[in-house]
Amino acid sequence: MKFNLKVWRQKNAKAQGKLVDYTIDNINADMSFLEMVDVLNDNLTRKGEDPIAFDHDCREGICGMCSMYISGRAHGPHHAATTCQLYMRSFKDGDTIYVEPFRAGAFPIVKDLVTDRSAFDRIIAKGGFVSVNTGQAQDANNLPVDKADAEKAMDAAACIGCGACVAACPNSAAMLFVSAKISQLALLPQGGPERNNRAINMVNQMDEEGFGNCTNIGACEAECPKEIKLTNIARMNREYLVASLVNE
Amino acid sequence: MSELNSKIPEGPLADKWNNYKEHAKLVNPANKRKLEVIVVGTGLAGAAAAASLAELGYQVKAFCFQDSPRRAHSIAAQGGINAAKNYKNDGDSVFRLFYDTIKGGDFRAREANVYRLATESRNIIDQCVAQGVPFAREYGGLLDNRSFGGSQVSRTFYARGQTGQQLLLGAYGALERQIGLGNVKMYSRHEMVEVVTIEGKARGIIARNLISGELERFFGHAVILASGGYGNVFFLSTNAMGSNVTAAWKAHKKGAYFANPCYTQIHPTCIPVTGDYQSKLTLMSESLRNDGRVWVPKTKEDAKAIREGKKTAVDIKEEDRDYYLERKYPSFGNLCPRDIASRAAKEACDDGRGIVPSGLGVFLDFADAIKRLGVEVVKARYGELFPMYQNITNEDPLKTPMKIYPAVHYVMGGLWVDYELMTTVTGLYCLGEANFSDHGANRLGASALMQGLADGYFVIPYTIGNYLSSEIFTKAIPTDHPAFAEAEKEAKERAEKLIGVKGKKTVDDFHKELGKIMWEYCGMARTAEGLTKARTLIQDLRKEFWSNVNIPGSLDEFNPEFDKAGRVADFIELGELMVIDALNRNESCGGHFRSEYQDAGEAKRDDEKYAYVAAWEHKAVNADPVLHKEELIYENIKLQVRSYK
């Protein structure tokens, strides 16, 4: 297979970036998208050109490191898949493919397709946990949890923190990400004691980082590789509202 | 050998750890605030250690090469975590988990360490549940368990097919909490490139800031390495692309002995290799073997027809199928341990009965499970895994059997540590997969998560205090100390030399070449002849690497190719040590199978001569390493032939 690629190249955070054209041939349909980029980089390196910088690690859809906005969609054309889980058989021979970084004010570009998503870590640091020191726990089965709640909590906990939701959102909102963690812990009894502070503090940090607001567009849910549901945002809003009233 | 003191506490096996904890020296809270600890790596072991030590009051600096501590490769573990809770009332106990782990490791692990691991397994589950880890539950609201590779009791806790992710996010949450409180300073996108020692004690590290390329100096009263395993020495493995041996290898070159490097785990259920472009292999969780049946056709003719696309699995009648694990190991069947299942797959394929075009693949069939349980139950049980398989291979495992083959997955070898998890360098600790301690020659399924978290949450917080209590008068050493300057200079010169080669071949050319050598000669079956040849090949490769590698870009920028080159340079040196170790061990045990030592395909151990840990001391890149032996003494169990028949 042959492809025309238009790839965002940007030397560093301060430099001006632009789309650069590349043509690549002899691509096997069973290659993953990242393996295709590996081949391109291999070609560039052998020609003495600078290879394209991109984030990737586990290559099995769980670490959340890979990103890429591919022809107008976060993680490419597939539903419920990360870029590393995208295979070239999803494209047609001769396709022109646009490859850009996840764009958001709160995700500054480091180089080419690599962005700085540390804002997510700072939001988690404000409350995305249960405050239990090592050794303080009671026996695990002393705290039964309704199976349905546990399943819903697991649905939310499946978030891999990749930032596709932010990249897909016209407002660059991080609400799907933040609400997934708030929901996981709100659905479990362990999260009870801190739920009010958690909602307030995480939402405040989210605003401080410069993420936008939710206007119910739903692009985040549509593009989420882990199918995190929009209802989590509703739950987060409820948590936040209750917390605001209680804390008054 | 006197220096290899494993410091195993006195007393009966079951009391050793308690005795230790009750007598370990303590550091008072005011002093803890003055003590700084460096933690390299933020996987289960690293994140758990960093969080737990910060909770105790130490000042922690944590490092990871990824963009966030949440990305460490522990996140990819699918199946589960073992714990001797006996919630199923099926006869489990600490002793049984201990025994299964020792036996699974083919009697090449330390009794005292493994017993401690089995003991702490119970606390891990409690801790993780308290953190809000959403483990699978039964309708009554209590925790669910399943049985997992090599185990006859149900002691594995799981969170769908994402157990590693959920446990890591629990530890990451605890770590972020401490970062938020100011007790941990986090350095993401930093790679440790040197350990700094002063007067024989580890006192810090040099790390490369991967964004700016700058070398930065960090002081610590103690240094903990939790930097994961070195499976990527094989190029193709189930490890993440960035997983590397660099931190551990630099420590090795600064005096930390490397133990049992040849013990590698080849996992039986991975998606087979399809092409040269392939960058990694994907694991299909071992839990699939609970319901899936492994088979190949009985005849070579049928296998050939399948390889050529003339027949499919359904064309092979029941009586013409060889369910070889059930046939050879009737009491464990498809659930036999990983090393055994992998070798059996290799045998079947070597016999010409592989079922993928390359010849290297066998079936994992769910047809019977679907008949017994129904499609919905099977789908629910393996939630993430089936779609993942289908996405990669374009085949639906509910309709046609999976195709699998073994792939490098985990390494049991690592830096030698004593009972306190301290390496042979004073004040330098090693945790999790990066150390050698608990799995012997083969690791059982669902034991890696257990070990990483036990080391991080429940062992190091006690053992490091025993050391740091004698360091309370050591003031923080400024990083303009000559030892820091010297270590930085060394790292800088190495980097300049590497990028200055400007040769013709890419970093991946070398990495792939190394991988081929390792897989061919130091993979599932090894011989003295092959290993001897491999050593020469690796030495030649090393020389060529340092004279012909081409790294684009410069040192003062974000340069992933350079980062990769540094890691491959270390893998090449490690590869040679693995081969030396495999050649030294004239026996077959666990993941180390020497073709010369077998009983009709079954590994033949030599307890008389090889019931020891081989700990290697580095001398120089061009010199032979020196072997130190730690005898393995079994006081509580009888060594026996590991039979799963």
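Residues numbered from 1 in each chain as written. Chains lettered and ligands numbered in written order. Predicted model: local features only at pLDDT ≥ 70, side-chain atom pairs only at ≥ 80, totals over all residues. Heavy atoms only, no water.

### Topic: the pairing of strand β6 (residues 190-198) of chain B
All names here are of chain B. Test applied: Throughout this description, buried means an accessible area under 20% of the type-specific maximum (1.4 Å probe, protein chains only), exposed means over 50%, and partly exposed covers the range between. The helix count covers DSSP runs of H or I at least four residues long, the strand count covers runs of E at least two residues long, and both are numbered beginning at the N terminus. We treat two strands as partners when DSSP finds at least two bridges between them.
Along β6, 8 of the 9 residues are buried, which leaves the element largely enclosed by surrounding structure. Two elements, β6 and strand β7 (residues 201-209), share 8 bridges in a ladder whose sense is antiparallel. Its bridge partner being in β7, Glu-194 is matched across the sheet by Ile-206. Between the antiparallel neighbours β6 and β7 lie 2 residues, among them Glu-199 with a positive phi of about 50°.

### Examining the domain arrangement of chain B
Residues and elements named next belong to chain B. What counts, and what does not: An automatic or database domain assignment is the source of the domain bounds shown. Two parts placed together each lose some accessible area; with a 1.4 Å probe, that loss summed over both constitutes the buried area. Any Lys or Arg side-chain nitrogen found within 4 Å of a carboxyl oxygen on Asp or Glu counts as a salt bridge.
Taken domain by domain, chain B comprises domain 1 (266-407) and domain 2 (495-609). Its C-alpha centre places domain 1 at a distance of 29 Å from the equivalent point of domain 2. Contact with domain 2 buries area across many residues of domain 1, yet Ile-266, Arg-343 and Lys-346 alone supply 53% of it, more than any other trio. If you look at where domain 1 meets domain 2, you find 0 salt bridges. Those elements that place two or more of their residues in the side of domain 1 that touches domain 2 are α10 (338-350) and β15 (402-411).

### So, the layout of surface pockets
Just so we agree on the cut-off: A cavity, in this analysis, means grid points on a 1 Å lattice covering only the protein atoms where a 1.4 Å probe fits yet has no way out; a pocket is instead an open set bounded by protein on both sides within 12 Å along at least five of seven lines, and a residue lines either one if it has an atom within 4 Å of a point. Grid points are joined across faces, edges and corners, and a volume is the space filled by probe spheres set on the points. Asp, Glu, Lys and Arg are counted as charged, while Ala, Val, Leu, Ile, Met, Phe, Trp, Tyr, Cys and Pro are counted as nonpolar; the rest, among them Gly, fall into the polar class.
Size it by volume and the largest pocket reaches roughly 1200 Å³. In terms of lining residues, the largest pocket is bounded by 47 residues, among which Arg160(B), Ala380(B), Tyr382(B), Gly383(B) and Glu384(B) are the most central. Looking at the lining of the largest pocket element by element, the count peaks at 5 residues for helix α3 (residues 147-157) of chain A. Here the lining of the largest pocket is built from residues that sort into 22 nonpolar, 10 polar and 15 charged. Estimates place the volume of the second largest pocket at around 950 Å³. Along the wall of the second largest pocket there are 50 residues; nearest its centre are Asp38(A), His56(A), Met241(B), Glu561(B) and Lys564(B). Of the residues forming the lining of the second largest pocket, the biggest block, 8 residues, is contributed by helix α1 (residues 33-46) of chain A. Counted by class, the lining of the second largest pocket contains 17 nonpolar, 15 polar and 18 charged residues.

### Overview of helix α3 (residues 44-56) of chain B
Since there are 3.6 residues in each turn of an α-helix, residues three or four apart along the chain are aligned in direction. All names here are of chain B. Stated precisely, the cut-off is as follows: Here the expected length of a helix is defined as 1.5 Å per residue gap, with one fewer gap than residues. The criterion used for residue contact is that any of the two residues' heavy atoms lie within 4.5 Å.
For α3, spanning 13 residues, the distance from its first C-alpha to its last is 18 Å, which sits close to the expected 18 Å at 1.5 Å a residue. Most of α3 is tucked away: 12 of the 13 residues are buried. Where α3 is concerned, the buried positions are Leu-44, Ala-45, Gly-46, Ala-47, Ala-48, Ala-49, Ala-50, Ala-51, Ser-52, Leu-53, Ala-54 and Glu-55. Those residues of α3 that are buried are in contact with β1 (36-40), β2 (59-63), α6 (163-180), β5 (184-187), β9 (222-225) and α14 (448-468).

### What about the packing of α3(A) against helix α5 (residues 175-187) of chain A?
Residue and element names in this part refer to chain A. Counted only if it meets this: Inter-axis angles, ranging from 0 to 180 degrees, are taken between N-to-C directions of lines fitted to C-alpha atoms, where helices are fitted over the stretch in contact. Orientation categories follow fixed angle ranges, with anything under 35 degrees roughly parallel, anything over 145 roughly antiparallel, 65 to 115 roughly perpendicular, and all other angles oblique. Each crossing gets its handedness from the near helix: less than a right angle anticlockwise from the far helix is left-handed, clockwise is right-handed.
Interaxial distance between α3 and α5 falls to 8 Å at its minimum, and their mutual angle equals 160°. Judged by the angle between their axes, α3 and α5 are roughly antiparallel. Helix-helix and strand crossings are classified by hand; for α3 and α5 the assignment is left-handed. For the pair α3 and α5, the contacting residues are Asp-149, Lys-152, Ala-153, Ala-156 and Ala-157 in the first and Ala-180, Ser-183, Gln-184 and Leu-187 in the second. For the contact of α3 with α5, the residue count by class is 5 nonpolar, 2 polar and 2 charged.

### Things to note about the domain arrangement of chain A
Residue and element names in this part refer to chain A. Formally: Contacts described as polar in this section are N or O atom pairs within 3.5 Å, which, within protein, must combine one atom able to donate a hydrogen with one able to accept it, while residues neighboring in sequence count only if both atoms come from side chains.
By the assigned domains, chain A splits into domain 1 (3-111) and domain 2 (117-132 + 143-247). The gap between the C-alpha centroids of domain 1 and domain 2 is 28 Å. Listed as interface residues are 21 residues of domain 1 and, on the opposing side, 20 residues of domain 2. Taking both sides of the interface into account, the surface hidden between domain 1 and domain 2 amounts to around 1600 Å²; carbon and sulfur atoms contribute 56%. Applying the counting criterion to the domain 1 and domain 2 interface returns 2 salt bridges. For Arg-117, the salt bridge goes to Asp-55, with nearest N and O atoms at 3.5 Å. The interface formed by domain 1 and domain 2 includes 7 residue pairs in polar contact (both at pLDDT 80 or more).

### Section: the sheet that holds β2(B)
All names here are of chain B. Reading across the sheet, the 5 strands line up as β5-β2-β1-β9-β17 and stay open at both edges, with parallel pairing between neighbours. The open sheet is flanked by β5 and β17 (428-430), the only strands paired with a single partner. Averaged over neighbouring strand pairs, the angle between their axes works out to 20° when direction is ignored. The sheet contact formed by β2 and β5 spans 4 bridges and is parallel. Paired with Lys-61 across the two strands is Lys-185, which belongs to β5. Sitting on the sheet, α3 touches β1, β2, β5 and β9, and the angle it makes with β2 is about 165°.

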